[in-house]
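Chain residues, written in single-letter form:
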Amino acid sequence: IACVLSGLPESIIAAACARSGQSVLHVDSRNYYGGNWASFSFSGLLSWIKENQQKTDISDECEDWGKLILENEEAISLSKKDRTIQHVEDFCFVEQDSAEDVEEAGALSKLPVFGASGAEGVAQESEKEGLLGESVLPEAESQEPEKATGPEPASAGEGNDAEITSENDRACNTALGEATLESGNTEAAPSETSAQEPKKITYSHIVREGRRFNIDLVSKLLYSRGLLIDLLIKSNVSRYAEFKNVTRILAFREGKVEQVPCSRADVFNSKQLTMVEKRMLMKFLTFCLDYEQHPNEYQDYQNSTFAQFLGTRKLTPSLQHFILHSIAMVSETDSSTLEGLQATKKFLQCLGRYGNTPFLFPLYGQGEIPQCFCRLCAVFGGIYCLRHSVQCLVVDRESGRCKAIVDHFGQRISAKYFIVEDSYLSESTCINVCYRQISRAVLITDQSVLNTDSEQQVSVLTVPPVDPAKAAVCVIELCSSTMTCMKDTYLVHLTCPSTATAREDLEPVVQKLFNLNTEKETENEELDKPRVLWAVYFNMRDSSGVERNSYDGLPSNVYVCSGPDPALGNDCAVKQAETIFREMFPEEEFCPPAPNPEDIIYDEDEIVPEESGFSNSPETKPESSAEEGSSGGGSAVKKEDNEE
């Protein structure tokens, strides 16, 4: 199997193929994992912004690769330019330091790795500071909880026998299947913080603390009973990551941000709902949990929108708003009654598995998830090559199947199946494809959109559109305990389907929620709003709805994976990965559980020293070609040659 690019679908497929005993080569022209699913430090993001604003072509190291194509073969050229990112604009709203201060801060930040989440140094410091107190590790409900390992972004075999500090033991000692999560105390000491004045944050301060940031290109959450969580548990990939609960669901109504009561306890403890509204809401949510059993309740409204259906259910306007935008999270004008009921049921079914909201967020960012599957692939013999571009696909004229790829060194690499991300296909291959776009914004702010006693809140907010022709904007606000931003700041992600450039789509929402003025320009009415310190806007290609037959002239054994989609969850990527895997290997199980290290039995004639087993060393990288392979049965693991 040859996989080109290391996005989430490709990484899942590579892990599933390696786990089933296939030989896997995973190449990526970038020098970081994840593609458009990646997470960056602040310095890495600045480099990414510069790269996408300049839009330079990838240079050909092999000019004469055409000589490698035989008479009975033809070549399908691949794209040399990434066209998935457009309209990149970044802005700084804090005091601009002198060039010398910024340069000195950049040198102090010591960022040798471009792109990867840079968690090594941060993880060690954060353990000392006790910032992992609210982390959660998803596991199968029928199993005993495992101990979490500290995530190292690029290591391949870690996490199997790693020593766990007592602090991490307490952090991950949560029994799965519980209705609520016992959260550690991550609030700062009130006696200290209340007496201190807010710190003045400058641009050089952000650059100096750049490794504290892990900024996602795509903003998503994990439904606690979604396909990705189920896959992480089933495959034991969850051992490579840690997760934190989303602590609250917010709504934007009449110019104010409010907290939405989700669970039964939240509803009855809510002070913003009257007793009558509480009964109305509970009655409707109970109906949504088993709406299929009561078709007479909604069958007359199947051709109506969900918003119209809610208007017939004797719900107050505030309840209709909460259900439509913060629980179902569907479009007011486009979503049918059935779609709204399905979304509401999914939300309710995910409540209580790991906390009072349906969502989890991976510590160090969404970019950790593709790397986790890359580690599983590498542990079972997958070979990884970053900074390794591919020139073309080599197709046999007679059979019409792809035989090999030619890389930028002029090497022919043969394989049976080829997985290619959509962005690598040339314009001639995608001539009949019509793409949608996603508008994205990332903000660094100085306070939360809704301040409470606890500063460590992870929030989800849906802002309804003013213009019915536009889509609602999903806002995810992350605190420093998610390991995605520095202390005393918040990282805010905004996402919506594009109707114009990202700045045109999202800046009106940013202006409603935040203060975009500099500190000196801030007016009195803006003082209550969080202040934006830095922001970036960009458009990202959405290829999730493209059918395979839209691509021109692709061989039958070449499979195309799409980039990120605008949905809040990750179901699209998981479904796509499983579908492609089953087309290639219909008889194989998709991502079976990896064996625990203590269960591995080596053949007597191939005893491996203890230190060369499943390595926990942070130096072990997925690029290594000397990882261990598996026979696939889980009862025996032995070394195999990693030759393609």
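Below or above, wherever it landed, is the structure these notes cover. Note that the structure is a prediction, hence the values are computed from the model and not measured. (Residues numbered from 1 in each chain as written. Predicted model: local features only at pLDDT ≥ 70, side-chain atom pairs only at ≥ 80, totals over all residues. Heavy atoms only, no water.)

1. A look at the nonpolar core
In terms of nonpolar packing, the biggest core is built from 72 residues, with Phe42, Leu45, Trp48, Phe284, Phe306 and Phe359 touching the most fellow members. No other element matches helix α10 (residues 275-289), which puts six residues into this core. Looking at which domains feed residues into this core, each of domain 1 (2-81 + 364-433 + 545-584) and domain 2 (225-241 + 264-352) gives three or more. Within the second largest apolar cluster, 51 residues are counted, among which are Leu228, Leu231, Tyr240 and Tyr559. (Core = buried A, V, L, I, M, F, W, Y, C linked by side-chain atoms within 4.5 Å. Buried < 20%, exposed > 50% of the residue type's maximum accessible area, 1.4 Å probe, protein only. Helix = DSSP H or I, 4+ residues; strand = E, 2+ residues; numbered from the N terminus. Domains from an automatic or database assignment.)

2. Some details on the pattern of salt bridges
For the structure on display, the rule yields 20 salt bridges. In this structure, arginine 412 and glutamate 73 form a salt bridge, with 2.9 Å as the shortest nitrogen-oxygen distance. Taken together, the residues arginine 412 in strand β16 (residues 412-414) and glutamate 73 in strand β4 (residues 73-77) connect sequence positions 339 residues apart. When the shortest N-O distance is used, the salt bridge between arginine 212 and glutamate 209 registers 3.7 Å. Classification of arginine 212 by relative accessible area gives buried; the value is 17%. Overlapping salt bridges bring together Glu73, Lys403 and Arg412 as one network. (Salt bridge = Lys/Arg side-chain N within 4 Å of Asp/Glu carboxyl O.)

3. Remarks on the environment of aspartate 542
Within the secondary structure, aspartate 542 is located in strand β22 (residues 532-542). Classification of aspartate 542 as buried rests on a relative accessible area of 4%. For aspartate 542 and serine 498, which are 44 residues apart along the polypeptide, the C-alpha to C-alpha distance reads 9.6 Å. With residues near it in sequence (within four places) discarded, aspartate 542 still touches Tyr435, Arg436, Gln437, Ile438, Pro564, Asp565 and Pro566. A distance of 2.6 Å separates polar atoms of two side chains, one belonging to aspartate 542 and the other to serine 544. (Contact = heavy atoms within 4.5 Å. Polar contact = N/O pair within 3.5 Å; in protein donor to acceptor, adjacent residues only side chain to side chain.)

4. Some points on the packing of α10 against helix α12 (residues 317-327)
Contact geometry for α10 and α12: axes closest at 10 Å, N-to-C directions at 40 degrees. By the angle between their directions, the pair α10 and α12 is classed as oblique. In terms of crossing hand, the pair formed by α10 and α12 is right-handed. Contacts from Glu277, Met280, Leu281, Phe284 and Leu285 in α10 reach Ser318, Leu319, Ile323 and Ile327 in α12. (Axes fitted to C-alpha atoms, helices over the stretch in contact; angles between N-to-C directions. Parallel < 35°, antiparallel > 145°, perpendicular 65-115°, else oblique. Left-handed = near helix turned anticlockwise from the far one by under 90°.)

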